[in-house]
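# Residue-level structural notes
Residue-level listing of the chains:
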Amino acid sequence: MVAQFASRGNLRNRVIELENVSTSYAGELKPAIKNISLEIRKGEIVLITGPNGAGKTTLLETILGLLKPYEGKIKLLGYEMPKDAIKARKYCGYLPQDFIKPAGEPFIVKDVVAMGFASIGKNANNGNILEALKKVKAVELLNKPIGRLSAGQQQKVLMARALARQPKILFLDEPFSSVDKEARHEICDILENLNRNENVTILIVSHITPKIEFDRIIKMKNGMVISC
Ligand SMILES: Nc1ncnc2c1ncn2[C@@H]1O[C@H](COP(=O)(O)OP(=O)(O)O)[C@@H](O)[C@H]1O
Ligand SMILES: [Mg+2]
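Here is a short report on the structure shown in this document. (Residues numbered from 1 in each chain as written. Chains lettered and ligands numbered in written order. Predicted model: local features only at pLDDT ≥ 70, side-chain atom pairs only at ≥ 80, totals over all residues. Heavy atoms only, no water.)

### Notes on the coordination of the magnesium ion (ligand 2)
- At the metal site, the magnesium ion (ligand 2) is ligated by Thr57 (OG1) and Gln97 (OE1), and these contacts range over 2.0 to 2.4 Å. Of this pair, Thr57 sits in helix α2 (residues 56-63) while Gln97 is found in the loop between β6 (92-95) and α4 (109-118), placing the two residues 40 residues apart along the sequence. (Donors = N, O, S within 2.8 Å, 3.2 Å for Na, K, Ca; no water. Helix = DSSP H or I, 4+ residues; strand = E, 2+ residues; numbered from the N terminus.)

### Considerations on the site of ligand 1
- Taken together, Tyr25, Glu28, Ala32, Pro51, Asn52, Gly53, Ala54, Gly55, Lys56, Thr57 and Thr58 are the residues near ligand 1.
- Separating an oxygen atom of ligand 1 from a backbone N or O atom of Gly55 is a distance of 3.0 Å.
- In the environment of ligand 1, an oxygen atom lies 2.9 Å from a nitrogen or oxygen atom belonging to the side chain of Thr57.
- When ligand 1 sits alone it has 560 Å² of accessible area, and the protein chains cover 60% of it.
- Grouping the constituent residues of the shell around ligand 1 by class yields 4 nonpolar, 5 polar and 2 charged. (Near = heavy atom within 4 Å. Polar contact = N/O pair within 3.5 Å; in protein donor to acceptor, adjacent residues only side chain to side chain. Areas by Shrake-Rupley, 256 points an atom, 1.4 Å probe, with all protein chains shown as cover. Nonpolar A, V, L, I, M, F, W, Y, C, P; charged D, E, K, R; others polar.)

### Things to note about α4
- What α4 keeps buried is the set Val109, Val112, Val113, Gly116 and Phe117. All buried residues of α4 lie within an arc of 150 degrees about the axis, which places them on one face of the element.
- Those residues of α4 that are buried lie in contact with α5 (126-135) and α6 (151-164). (Buried < 20%, exposed > 50% of the residue type's maximum accessible area, 1.4 Å probe, protein only. Arc of directions from axis to C-beta. Contact = heavy atoms within 4.5 Å.)

This is the structure in structure tokens:
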């Protein structure tokens, strides 16, 4: 803990840097996010909150290089975005909003987690798949079809897939939106452990405030950061 705290003051440990970033969607007059400047340091666990339409998802997707800003500068793990998005994204795990899979989805949990390993060119086997599922307390789901699981269970499996990539940064968009209170607490515990034990930087977008001791809470409204 001491080492992690000491590193917070170190400028070289900035993993996300935004300078006056604005993004708008094609055909829209008003930018979805405007003039955003912020820095996230290695090992921070950060909540990005604000009402629907505040620009939270747009901000995450802009940082990840999935949307191109029309002005401003972004660095993700030192890589210039979106130019070096492919390089930077190798070190990132992203759980998009509205992740629920349809009941007919053919993949079983084992395949879904294996995809996480494959995405970084690593061979999946029963050992590392089980290890990833163990981290999210979902070992018993190994052979279940993903589409037949509850939202909370699916969320855990997709988190295991994201963890298989051994991300330095985890981006989670509304991970609590369709899970019950019990699953929410479990997911909060998992995230806190990951942050503490493996020093994964975690950005959580949520319009509710989950029970996590955040290092920082970033509040957004009308496409702008109103407090940070
Ligand atoms: N695909 C899109 N096309 C056009 N406008 C969009 C699109 N997605 C989001 N927006 C608009 O951008 C703004 C920010 O949306 P979003 O980032 O999804 O907010 P939040 O995640 O905080 O709910 C809103 O005004 C929304 O209507
Ligand atoms: Mg959103």
